[in-house]
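# Chain and residue survey
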Amino acid sequence: MKLQQISSWDLFDNIKNKLDSSIIKSWLLEDGPITKRIKSSYEFKLELIQDEVTEVIDADKKFLNTNSNEIRVREVILLGNDRPLVYAQTLIPDTTIDKGLAELGKIGNKPLGDILFEKNIFTKKDIVYAQFIFDNNSFWGRKIKYTVKNQPFSVMEIFLIK
């Protein structure tokens, strides 16, 4: 699934007037685990697309405030009743795995939320929003920077909800 970003990352106050759906707004502002929200209404499944160290664009390194070239990219699709609901991409510098939490390097087919919301060691730092297009449909997403023991990682979630 190749989603094309069609707007710059921005703060919620700057994009809220562009949102024409209260449902999308509620997903963008969801404070708890996305997987828990999906499981509350659907049969949940996670499809792992990629989980490997690979190149990332400079803008992502800047968002993470890292110069590391060793960044684990984990991409998943979260499905509800076998329908894609969320595309998620997690960027985890190797230094975050080494100095922050080794478990981040071995998530595999488990939802990240199982770690992120069960351990009280993560700090949410920044959150930005952008619009994407896929197959002539427009979707909204968010990108959140977290730290664990002062080591950064990011989670981008694009809500595939019309």
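Here we summarise the structure given alongside this text. (Residues numbered from 1 in each chain as written. Predicted model: local features only at pLDDT ≥ 70, side-chain atom pairs only at ≥ 80, totals over all residues. Heavy atoms only, no water.)

This next bit is on the pattern of salt bridges. Where charged atoms from two side chains of opposite charge approach closely, those side chains can pair. The full count for this structure, using the stated rule, is eight salt bridges. A salt bridge links Lys 45 to Asp 82; the nearest nitrogen and oxygen atoms lie 2.6 Å apart. Placement of the pair is Lys 45 in strand β2 (residues 44-54) and Asp 82 in the loop between β3 (71-80) and β4 (83-93), with a sequence separation of 37 residues. Between Arg 142 and Glu 157 there is a salt bridge, with the nearest N and O atoms lying 2.6 Å from each other. Here Glu 157 lies in strand β7 (residues 151-159) and Arg 142 lies in strand β6 (residues 137-148), a separation of 15 residues in the sequence. An identical accessibility class is assigned to Arg 142 and Glu 157; each is buried. (Salt bridge = Lys/Arg side-chain N within 4 Å of Asp/Glu carboxyl O. Helix = DSSP H or I, 4+ residues; strand = E, 2+ residues; numbered from the N terminus. Buried < 20%, exposed > 50% of the residue type's maximum accessible area, 1.4 Å probe, protein only.)

With that settled, consider the environment of Pro 111. In this structure, Pro 111 sits in the loop between α5 (94-99) and α6 (113-116). For the pair formed by Pro 111 and Val 76, sequence separation is 35 residues and the distance between their alpha carbons is 8.9 Å. If sequence neighbours within four positions are ignored, Pro 111 has contacts with Thr 35, Phe 44 and Leu 46. (Contact = heavy atoms within 4.5 Å.)

A few words now on helix α3 (residues 34-41). Those residues of α3 that fall on the buried side of the exposure criterion are Ile 34, Thr 35 and Ile 38. Along the axis of α3, the buried positions cluster into a sector of 95°, meaning they face one direction only. Exposed residues on α3 whose side chains face more than 90 degrees from its buried face are Lys 36 and Ser 40. Looking at the buried positions of α3, the neighbouring elements they touch are α2 (22-28), β2, β3, β4, β6 and β7. (Arc of directions from axis to C-beta.)

Keep in mind these numbers describe shape, not what the thing actually does.
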